[in-house]
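# A closer look at the structure
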Amino acid sequence: MRSVPFFNYPALFTSQETEFQRIFSDVGRRGAFIKQKDLEDFEKCLASFLGIRHALGVGNATDALEVALLAAGVKAGDEVILSSHTMLATAIAIHFAGAKPIPVECGPDHLIDPTAVEAAVTPHTRAIMPTQLNGRTCDMGALGRIADKHGLIIVEDAAQALGSRYKGHCSGTFGAAAAISFYPAKVLGCLGDGGAVVTNDTGIYGHASELCNFGRNAAGDVVQWGFNSRLDNLHAAMLHFQLDKYAQVMCRRRQLAAHYTERLNDVAQVVLPPAPDSDPDHFDIYQNYEIEAEKRDELKQHLKDRGIGTLIQWGGQAVHHLKALGFTQHLPYTDYLFTRMLMLPINMSLSDDDVDYVCTNVRAFYGYTQ
Ligand SMILES: Cc1ncc(COP(=O)(O)O)c(C=O)c1O
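Analysis parameters
Residues numbered from 1 in each chain as written. Predicted model: local features only at pLDDT ≥ 70, side-chain atom pairs only at ≥ 80, totals over all residues. Heavy atoms only, no water. Helix = DSSP H or I, 4+ residues; strand = E, 2+ residues; numbered from the N terminus. Rg over C-alpha atoms; globule rule 2.2 N^0.38 Å. Buried < 20%, exposed > 50% of the residue type's maximum accessible area, 1.4 Å probe, protein only. Contact = heavy atoms within 4.5 Å. Areas by Shrake-Rupley, 256 points an atom, 1.4 Å probe, with all protein chains shown as cover. Lys, Arg positive; Asp, Glu negative; His and termini not counted. Charge placed at Lys NZ, Arg CZ, Asp CG, Glu CD. pLDDT = per-residue confidence, 0-100. Polar contact = N/O pair within 3.5 Å; in protein donor to acceptor, adjacent residues only side chain to side chain. Near = heavy atom within 4 Å. Nonpolar A, V, L, I, M, F, W, Y, C, P; charged D, E, K, R; others polar. Pairing = 2+ DSSP bridges. Axes fitted to C-alpha atoms, helices over the stretch in contact; angles between N-to-C directions.

## Side note on the overall build of the chain
Each helix and strand in the chain was counted, giving 13 helices and 13 strands. For 370 residues, the compact-globule formula gives about 21 Å, and the C-alpha radius of gyration of the chain, at 21 Å, lands near that figure. Projected onto its principal axes, the C-alpha coordinates of the chain cover approximately 70 × 55 × 40 Å. Here the chain holds 370 residues, and the buried ones make up 56% of them. Within the chain, contacts between residues separated by at least 24 positions form 71% of all contacts whose residues are at least 6 apart in sequence. For the chain, the computed accessible surface area is about 15,600 Å², with 54% contributed by carbon and sulfur atoms. Distance between charge centres in the chain, computed from 32 positive and 42 negative side chains, equals 2 Å.

## Re the confidence of the model for the chain
Scored by pLDDT, the chain comes out at a mean of 98, with 100% of its residues at no less than 70. Taken element by element, the chain is modelled with least confidence in helix α1 (residues 9-14), mean pLDDT 96, and with most confidence in strand β2 (residues 79-83), mean pLDDT 99.

## Section: the side chain of D284
Relative to the helices and strands, D284 is located in the loop between β11 (282-283) and β12 (289-293). The class for D284 is buried, based on a relative accessible area of 5%. At a separation of 2.6 Å, a polar atom in the side chain of D284 contacts the side chain of R136. Beyond its immediate chain neighbours, meaning those up to four positions away, D284 contacts G135, R136, R254 and P274.

## Observations regarding unusual backbone geometry
Phi is positive for K35, which is not a glycine, with a value near 50°. Relative to the assigned elements, K35 resides in the loop between α2 (17-30) and α3 (37-50). Here N134, not a glycine, exhibits a phi torsion of approximately 65°, which is positive. Looking at the element boundaries, N134 is found in the loop between β4 (125-129) and α7 (140-150).

## Observations regarding the site of the ligand
Taken together, 14 residues sit near the ligand, with A61, T62, D157, S181 and K186 positioned nearest. Between an oxygen atom of the ligand and a side-chain N or O atom of T62, the distance comes to 2.6 Å. The separation between an oxygen atom of the ligand and a polar side-chain atom of S181 is 2.7 Å. Calculation on the ligand without its partners gives an accessible area of 390 Å², and the protein chains cover 92% of this total. Across the shell around the ligand, the residue classes tally to 5 nonpolar, 7 polar and 2 charged.

## Points about the sheet that holds strand β3 (residues 100-104)
One open sheet accounts for 7 strands, arranged β1-β9-β8-β5-β4-β2-β3; its pairing is mixed. With partners counted over all chains shown, the strands left at the sheet margins are β1 (54-58) and β3, one partner each. On average, each strand axis in the sheet is inclined to that of its neighbour by 25°, with strand direction left out of account. Pairing between β4 and strand β5 (residues 153-157): 2 bridges, direction parallel. Across the sheet, residue I128 finds its bridge partner in β5, namely I154. Its contacts with the sheet place helix α4 (residues 61-71) against β1, β4, β5, β8 (177-181) and β9 (195-199), and it is angled at close to 175° to β8.

## Brief notes about the sheet that holds strand β6 (residues 165-166)
Paired through backbone hydrogen bonds, the strands of a sheet run either parallel or antiparallel to each other. Strands sit in the order β7-β6-β11 across an open sheet of 3 strands; the sheet is antiparallel. At either margin of the open sheet sits one strand with a lone partner, and together these are β7 (169-170) and β11. Where β6 and β11 come together, 2 bridges link them in antiparallel fashion. Considered in β11, the bridge of R165 is made with F283.

Structure representation (structure tokens):
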């Protein structure tokens, strides 16, 4: 039986082993571990890739989100609106920045619903934190108008969306600041934790740099309370190597998504993500391929029995489901979506034959002959 794991972690290393070993020796022999030139070079390259002024490497995207909020001026007593269909990390960052996370509904595109955002605005609302989920950018036009109307800032959770674009602009460049994740399974992943804060605002960049480096400014003077969250120099060097060939990676993922569309488009029991280029406003990078499926749990088991790994995002729990954290919202559309959504494998280890195998088995489950 063919095996199609949801994500092939060893392959992240073995597919680039020679280059990684070379980088490891080079960085190691220079003893260049913390805040060295490789990090600086990667930050410049990342900023230039996004078309943004500043990028700051930090320990992970959860830290990046918290730092971005703090540096953008979010404070205790503020409310921050987020989609309930996001990683818990988005809510955690808001909480530890001192503010109150307000989860709202997502729409049929699985991204935050601008109408729900507008309805959730109160006199305490300070920010909107849209998650650019699954490698697709939210409707930033609508969110921008709501932010302008109510005097709110936008801090993007672009952890899943490095390189995705809306109307030609990259995720991460729309608001006051944004966070990117380099968790291993991300489209640009390192061999551990890593993240970045990106911003066009030099003041926010300076504040964020100090926060992440024990509150020290560029001269080394302690100017505020801070903590320690830095992207390792070794990881930065490995990420830089991968960023240089990122265009090919995005292209391959889009090919895989197109292949899924071609093979599954006629299956009435599933709803697929939009195909690449089906909407001129969006350029998607397919961090995930999240479908909706009738009899979702049975389909998942059927695929598992045939060696195919799938995943239900966030372990099947939306943010508002986390009652232990005090959430009381009633979000029926998100509840409905969470009974149907399933991520099929999409990653650089996947061959066209693997996609065919997955699709053949999805089709067979619903009684479609080839
Ligand atoms: C939408 C979203 N936000 C935040 C995070 C947190 O990223 P990190 O693991 O780098 O802290 C993730 C990671 O999975 C994510 O998918």
